[in-house]
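Observations on the three-dimensional arrangement
Spelled out, the chains give:
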Amino acid sequence: MAKILIVRLGAMGDVLHALPAVTGIRTALPDATIGWLVEERWSELLTALGRKASPNIVSRQKPLVNLIHTVDTKRWRQRFNRPAATAEILGALKRVRKVEYDVALDFQGAIKSAFSSKLAGASMIAGFADPRESAARFSIRKKLRAPATT
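Structure report, in brief. This one's a predicted model, so the numbers in the text were calculated from it and none came from an experiment.

A few points about the overall build of the chain
Counting its secondary structure elements, the chain contains 4 helices and 6 strands. Traced from its N-terminal end to its C-terminal end, the chain shows the element sequence β-α-β-β-α-α-β-α-β-β. Of all 150 residues assigned to the chain, the portion counted as buried reaches 46%. Within the chain, counting contacts between residues at least 6 apart in sequence, those at least 24 apart form 54% of the total. Working note: accessible area of the chain is about 8,700 Å², and carbon and sulfur atoms make up 58% of it.

Next up, the structure:
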């Protein structure tokens, strides 16, 4: 069974724009374990009832993903040099790495999503060939072309 990590941390619109692609992945791979790495403040967008549901199953409350991994990069940047922040960052990364994802899909194409994808420990990282921030290319092993729009 495939284990896929969606990395789309950012703004509400960014998360919402990734939902159709994740819906397609869920339809194509109904038995896959799909996790989503998302900013804590947007995690409720991934649950139907606006609350965190059981982490290991797809349900009416969480119809697309099995696991929601939350981060708070803004808080971490503000408190980066404090031991508690370091422990929180390492704990979050440990929980993501524990799943042992086969692939991380970087839908954001930003430096912070590239670092997050890399630190997640997935066997392969896929992302757009032309990411939003060119420095994000360092982590991408499988480059995907976005379809042409009219």
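Some words on the environment of isoleucine 125
Here isoleucine 125 lies in strand S5 (residues 124–128). C-alpha of isoleucine 125 to C-alpha of valine 103: the two residues are 22 residues apart in sequence and 5.6 Å apart in space.

What about a nonpolar patch on the surface?
Residues Met12, Leu16 and Leu45 make up a contiguous nonpolar surface patch of about 230 Å² in total accessible area. Tracing the backbone through its elements, the reader meets methionine 12 in helix H1 (residues 12–28).

Structural notes on the nonpolar core
Grouped together as the largest cluster of nonpolar side chains are 19 residues, with contacts concentrated most on Ile6, Trp36 and Leu105. Counting residues per element, the ones that place at least two in this core are strand S1 (3–7), H1, strand S2 (33–39) and strand S4 (103–106). Per-element tally for this core: the top contributor is H1, with 5 residues. Counting 13 residues, the second largest nonpolar core, distinct from the first, contains Val7, Val71, Val99 and Ile125.

About the criteria used
Numbering of residues starts from 1 in every chain and runs along the sequence as written. Local features in this predicted model are restricted to residues of pLDDT 70 or higher, and side-chain atom pairs are both shown and tallied only at a pLDDT of 80 or more, whereas totals for entire chains, interfaces and linings draw on every residue. No hydrogens and no water enter the side-chain calculation; it runs on all heavy atoms of the structure. Every helix listed is a DSSP run of H or I at least four residues long, and every strand listed is a run of E at least two residues long, numbered separately from the N terminus. Buried, partly exposed and exposed residues are distinguished by accessible area as a fraction of the type maximum, computed with a 1.4 Å probe on protein chains only: under 20%, between the cut-offs, and over 50%, respectively. In what follows, residue pairs with any heavy atoms lying within 4.5 Å of each other are defined as contacts. Residue-level accessible areas treat just the shown protein chains as cover; the underlying method is Shrake-Rupley with a 1.4 Å probe. Each patch is built from residues lacking any salt bridge and having more than 30% relative accessible area; the joining distance is 9 Å for like charges and 5 Å for nonpolar side chains (Val, Leu, Ile, Met, Phe, Trp, Tyr). One speaks of a salt bridge when a side-chain nitrogen belonging to Lys or Arg is within 4 Å of a carboxyl oxygen belonging to Asp or Glu. For the purposes of this section, nonpolar cores are sets of buried Ala, Val, Leu, Ile, Met, Phe, Trp, Tyr and Cys residues that join through side-chain atoms within 4.5 Å.

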